[in-house]
Amino acid sequence: MKIKKSTIALFLGPALLLFIVFTLYPVLRTFLMSLYRVNTVTTSINEWEFVGLQNYVDLFSNSIFKISLKNIVKIWFFSGIGTIGISLIFAAILNSDIMGKRFFTSIIYLPKVISAIAIGYAWLLYVFNSQFGLFNKIFSGIGLDSVAKVEWLSPDHIFTAMILAAIFNAIGQYTLMYISAMTRIPKDYYEVAKIEGESKFKQFFTITLPLIKDVIKTSLVLFTTGTIGFFAFSRIFGHITTVTPMLFTYNQIFGTEINPSTNVGIGAASGVIMTLIGVLFFVISNIIVKNTDFEY
C-alpha cells in the first residue's frame, strides 16, 4: 500500500517543528551570537554589535579558557580510563555467579540515581576532608599516615579529587551497559574455553571484550558527550584548576559572584568550540574502537 505524502507530512510535521524550534534554531542563534558583541541573553537582535571573529580571538586569548581546554582533555582521558576500566571489571565480576549479584549491582548503580550536585558535595565535604574525611579515616586505620595527610582539596590535588568523584558517579551507568552486553554472550563460548584450559583472565580478553566491542564503542560516545557537558563537579570543586569549557561558558553568559558582568558573544563562541571538540572526541573514539566483525 502506497502511503500518501500528506500522511507522511502529518506524522513528521510535529517532530520536525519541535526539532526546528528546540534544536536547530538555538544552534543557529548560538553561532550567530558568537559573531556579535551581546550584553545579555535577552538583548534584542537589533542591539547586537557585529564583531566578526573577534570573539574567537578574545576567547583563545583568555587564560582561563585555555586552562579549561586542557582540563577537558585530561578529564576525557583520565576519567575515561577510570570509568570504562572500572565498569568493565565490575561488570565482569557481577556477570559471574556470585552471591548477592542483584544487591551489588544496585549498590554500584545507586550513585547514578543521586544528583551529581549531592554526590559532589558529599565527596567534597565528607570524603576529602583532611581532618575527619573518609579517606583520612581509612588510610589512618591501615597505617598509611602519609597518605591520610594528603590535602586533597589543595590546588595540587583538587583536580585529581574531582576526577575520583566523577568516576564514582559515572561507573554505575556503564557497568549496567556492560553487564547487559555480557549476558547476551552464549555460555558455550566460555565452556569451550574452559575445556581448553583458558583462565578467566584470558577468557575476558579473548571472548568477552571482542564480543562487546560495539557496546564499548557506544559507551565511549555517551561518555564523550557527557564529558563535553562536564559542569556540576567543576562548579562544586570551584578552583581555577578544575574549570571546564562548560563552566567557562556559563560564567560568560550569566556572570559570577565575583564578576557579575557578562559577555554572551564570547560565551556563544565557547559553545561553538565545545561542539567542535565534541566532534573531535567522537572521531577519536571511533578510531580507538573499531566496529566488530563477530556475530553470535
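Reading guide: rules and limits
- One numbering rule holds for all chains: residues counted from 1, following each sequence as written.
- With pLDDT at 70 or above as the cut-off, local features in this predicted model cover only qualifying residues; side-chain atom pairs require 80 or more to be listed or tallied, and sums for whole chains, interfaces and linings still use all residues.
- To obtain the side-chain values, all non-hydrogen atoms of the structure were used and water was disregarded.
- UniProt positions are given in the numbering used here, feature names are shortened, and annotations may be inferred rather than shown by experiment.
- Runs of E in the DSSP output that reach at least two residues are strands. Runs of H or I that reach at least four are helices, and both are numbered from the N terminus.
- Buried means the residue's accessible area, taken with a 1.4 Å probe over protein chains only, is under 20% of the maximum for its type, while exposed means over 50%, and partly exposed covers the values in between.
- Note on areas: Shrake-Rupley with a 1.4 Å probe; residue coverage comes only from the protein chains shown.
- We treat Lys and Arg as the positive residues and Asp and Glu as the negative residues; His and chain ends play no part in the count.
- Every charge is mapped onto a representative atom, which is NZ of Lys, CZ of Arg, CG of Asp or CD of Glu.
- Multiplying one less than the number of residues by 1.5 Å gives the expected span of a helix.
- One axis fitted to the seven residues ending at a residue, another fitted to the seven starting there: the angle between these axes is the bend at that residue.
- Only Phe, Tyr and Trp rings are paired, with Trp represented by its six-membered ring, and only when their centres lie within 6.5 Å; those with planes under 30 degrees apart are stacked, over 60 edge-to-face, the remainder tilted.
- Two limits define a charge over a ring: the Lys NZ or Arg CZ must be within 6 Å of the ring centre, and within 35 degrees of the ring normal.
- The contact rule is simple, with two residues in contact once any of their heavy atoms fall within 4.5 Å.

- Per an unreviewed UniProt entry, the protein goes by the name Sugar ABC transporter permease and belongs to Anaerococcus nagyae.
- The heading Sequence similarities (unreviewed entry) in the UniProt record of the protein holds the text "Belongs to the binding-protein-dependent transport system permease family."
- On record in UniProt, under Subcellular location (unreviewed entry), the comment for the protein is "Cell membrane".

## Regarding the overall build of the protein
Part 1 of the reasoning: The number of helices and strands found in the protein is 14 helices and 2 strands.
Part 2 of the reasoning: Counting only C-alpha atoms, the protein reaches 75 × 75 × 30 Å along its principal axes.
Part 3 of the reasoning: A total of 296 residues make up the protein; the buried ones form 39% of that total.
Part 4 of the reasoning: In the form shown here, the protein has an accessible surface area of approximately 17800 Å², with 68% of it arising from carbon and sulfur atoms.
Part 5 of the reasoning: When the 22 positive and 15 negative side-chain charges of the protein are each reduced to one mean point, those points stand 6 Å apart.

## Section: helix 8 (residues 158-183)
Part 1 of the reasoning: Taking 1.5 Å per residue, 26 residues should reach 38 Å; helix 8 reaches 38 Å between its end C-alpha atoms and fits that length.
Part 2 of the reasoning: Where helix 8 bends most, at Ile171, the angle is about 35°.

## A look at the packing of aromatic side chains
Part 1 of the reasoning: This model, assessed by the stated rule, comprises 20 aromatic pairs.
Part 2 of the reasoning: The positively charged end of Lys74 is found above the aromatic ring belonging to Phe159, 4.6 Å away from the centroid.

## Description of helix 4 (residues 101-113)
Along an α-helix, residues three or four positions apart point the same way, because every turn accommodates 3.6 residues.
Part 1 of the reasoning: Compared with the 18 Å implied by 1.5 Å per residue over 13 residues, the 19 Å span of helix 4 between its first and last C-alpha is a close match.
Part 2 of the reasoning: The sharpest bend along helix 4 measures roughly 25° and falls at Ile107, with the proline Pro111 sitting one to four residues further on.
Part 3 of the reasoning: Buried-residue contacts for helix 4 involve helix 3 (63-94), helix 5 (116-127) and helix 8.

## Thoughts on the environment of Ala116
Part 1 of the reasoning: Positionally, Ala116 belongs in helix 5.
Part 2 of the reasoning: Look at Ala116 and you get partly exposed, because its relative accessible area is 25%.
Part 3 of the reasoning: Separated by 42 residues in the primary sequence, Ala116 and Lys74 place their C-alpha atoms 20 Å from one another.

## Comments concerning the environment of Met274
Part 1 of the reasoning: Note on placement: Met274 falls in helix 14 (residues 264-288).
Part 2 of the reasoning: Along the backbone, Met274 and Asn263 are 11 residues apart, and their C-alpha atoms lie at a distance of 17 Å.
Part 3 of the reasoning: Apart from the residues within four sequence positions on either side, Met274 is in contact with Ile228, Pro245, Met246 and Thr249.

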